[in-house]
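# Chain and residue survey
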Amino acid sequence: QTSCVKRFDVWLSLSWIKISDAAEAAYKIHTDRKAASEEEKKRDKADDESVYVTFDLQQIMNVPRLATGSSFYKRKLTLFNLCFHVTMPDKSTHGFCYPWTEVDGQRGGNEIASCLHHFLTTNPLVIRRNKIIFWSDGCVGQNKNRMVVAALLSAISSRQPAINDEVIYAIKYFETGHSMMEA
């Protein structure tokens, strides 16, 4: 018997297993949260008073990118790239990238927080905006941690708003496994 036939037999035997009610309930909760986050994202993007920003770390890129030759097997430099996609209240869109190499840092929460703080304090599109909504995936090591929150608080405190100026920075996360976004 070949391995494909063995896999098919295992698949047939597993396809007859009854999924428990608890597993079905957990799946329903998961899909409901996914639908709710997609609806909330649509509402946030349609808001005419706020700047809508998505950010995400791209897949690791190795440089130089070579397909053949002896250099293909040699050590390459790893390049990271954090992308921001900004939708303004007038629905114009803008993209920004923050690349760095493994020499400069890794892809953890400190690096993401540094890029986020730089983006908020130096980018002319968002520097004077009072309401910014961020969306990101829920990766705990990169986006969903106290360093990102500290970067947001630092950016708010470094602003010099007018008296009675309300500043709202909201960060929201997609349901795990369903982070379909522009960045």
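So, here is what we can say about the structure in this document. Because the structure is a prediction, the values reported are computed rather than measured. Along every chain, residues carry numbers that run from 1 in the direction the sequence is written. At least 70 in pLDDT is required for a residue's local features to be given in this predicted model, at least 80 for side-chain atom pairs to be given and counted, and no such filter applies to totals for whole chains, interfaces and linings, which use all residues. Side-chain numbers here rest on the full set of heavy atoms in the structure, without hydrogens or water.

## Structural notes on the packing of aromatic side chains
Just so we agree on the cut-off: Ring pairs are drawn from Phe, Tyr and Trp, using the six-membered ring of Trp, whenever the two centres fall within 6.5 Å, and their geometry is named by plane angle: stacked under 30 degrees, edge-to-face over 60, tilted for the rest. Strands are runs of DSSP state E lasting at least 2 residues, helices are runs of H or I lasting at least 4, and numbering of each runs from the N terminus. For every residue, the accessible area obtained with a 1.4 Å probe (protein chains only) is divided by the maximum for its type, and the residue is called buried under 20%, exposed over 50%, and partly exposed between those limits.
This model, assessed by the stated rule, comprises eight aromatic pairs. When the ring of Phe134 is compared with that of Tyr169, the centres are 6.4 Å apart and the planes differ by 85 degrees; the resulting orientation is edge-to-face. Taken together, the positions of Phe134 in strand E5 (residues 131-136) and Tyr169 in strand E6 (residues 168-173) put the pair 35 residues apart, joining distant regions of the chain. Across the pair, Tyr169 and Phe134 agree in class, each one buried. With a centroid separation of 4.8 Å and an interplanar angle of 40 degrees, the aromatic rings of Trp135 and Phe174 are classed as tilted. A residue pair is termed long-range when its members are at least 10 positions apart, and Trp135 in strand E5 and Phe174 in the segment after E6 qualify at 39 residues. Relative accessible area serves as the criterion here: at 1%, Trp135 is assigned to the buried category. On the accessibility criterion, Phe174 (6% relative accessible area) is buried. By the ring-pair criterion, three or more aromatic residues cluster together here, those being Phe55, Phe84, Phe96, Tyr98, Phe119, Phe134 and Tyr169.

## Considerations on the side chain of Asn143
Using the following cut-off: In what follows, a contact means two residues having at least one pair of non-hydrogen atoms within 4.5 Å.
You can see Asn143 is positioned in the loop between E5 and helix H4 (146-158). Taking the relative accessible area as the measure of exposure, Asn143 reaches 2% and is therefore buried. In contact with Asn143, not counting residues within four places along its chain, are Phe55, Ile112, Ser136, Asp137, Val148 and Tyr173.

## As for the packing of helix H3 (residues 109-122) against H4
The axes of two packed helices give the description: the angle between them and the distance between them. Filter applied, for reference: Lines fitted to the C-alpha atoms define the axes, with helices restricted to the stretch that makes contact. Angles between their N-to-C directions range from 0 to 180 degrees. The scheme is simple: roughly parallel for angles under 35 degrees, roughly antiparallel for over 145, roughly perpendicular for 65 to 115, oblique for anything else. Rotating anticlockwise by less than a right angle from the far helix to the near helix defines a left-handed crossing, while the corresponding clockwise rotation defines a right-handed one. Only Asp, Glu, Lys and Arg are considered charged in this grouping, and only Ala, Val, Leu, Ile, Met, Phe, Trp, Tyr, Cys and Pro are considered nonpolar; every other residue, Gly among them, is considered polar.
In the contact formed by H3 and H4, the axes pass within 8 Å of each other and the chain directions differ by 20 degrees. Between H3 and H4, the crossing angle belongs to the class labelled roughly parallel. By crossing handedness, the relation of H3 to H4 is classed as right-handed. Between H3 and H4, the contacting residues are Gly109, Asn110, Ile112, Ala113, Leu116, His117, Leu120 and Thr121 on the first element and Met147, Val148, Ala151, Leu152, Ser154, Ala155 and Ser158 on the second. For the contact of H3 with H4, a count of residues per class yields nine nonpolar, six polar and no charged.

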